[in-house]
Amino acid sequence: MKSDTLKVLISTITALTGIGGSYVKMEDRVSKLEEQMAKQEAIKVVQLEISQMRRDAEIAELKHKIKLDSLRSTR
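What counts and what doesn't
- Residues numbered from 1 in each chain as written.
- Predicted model: local features only at pLDDT ≥ 70, side-chain atom pairs only at ≥ 80, totals over all residues.
- Heavy atoms only, no water.
- Helix = DSSP H or I, 4+ residues; strand = E, 2+ residues; numbered from the N terminus.
- Rg over C-alpha atoms; globule rule 2.2 N^0.38 Å.
- Areas by Shrake-Rupley, 256 points an atom, 1.4 Å probe, with all protein chains shown as cover.
- Lys, Arg positive; Asp, Glu negative; His and termini not counted.
- Charge placed at Lys NZ, Arg CZ, Asp CG, Glu CD.
- Salt bridge = Lys/Arg side-chain N within 4 Å of Asp/Glu carboxyl O.
- Buried < 20%, exposed > 50% of the residue type's maximum accessible area, 1.4 Å probe, protein only.

> It is not clear to me how the overall build of the chain should be interpreted in this structure. Could you clarify?
The helix and strand inventory of the chain stands at 1 helix and 0 strands. For the chain, whose C-alpha radius of gyration is 32 Å, the value lies well above the compact-globule estimate of 11 Å for 75 residues. Oriented by its inertia axes, the alpha-carbon framework of the chain measures out at about 110 × 10 × 5 Å. Taken as a whole, the chain presents about 7400 Å² of accessible surface, with 63% of it coming from carbon and sulfur. Separation between the mean location of the 14 positive side-chain charges and that of the 11 negative ones in the chain comes to 4 Å.

> What am I meant to see in the pattern of salt bridges here?
When charged atoms on two side chains of opposite charge get close, those side chains can pair. Enumeration over the complete set of coordinates arrives at 3 salt bridges. Among the ionic pairs, Asp69 bridges to Arg72, the shortest N-O distance being 3.9 Å. One end of the pair, Asp69, and the other, Arg72, are both in helix α1 (residues 2-74), 3 residues apart, so they sit about a helical turn from each other. A residue is classified by how much of its surface remains accessible, and Asp69, at 45% relative accessible area, is partly exposed.

In structure tokens:
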């Protein structure tokens, strides 16, 4: 009888340890995914800022060309 109780106790401890270990691994994976998503979001923000800077530069260049063209056409 004691050996059966001991086997059940050992089995229960083993099962709980396995579940706990799986939970820790899952939490690690989730944390890594969250970090990766944060990095990707930061990259998207930088890319958006770069594209806006390029657009602003193009607009400034076009305004300059329009001003030059208007000066040429008035002569």
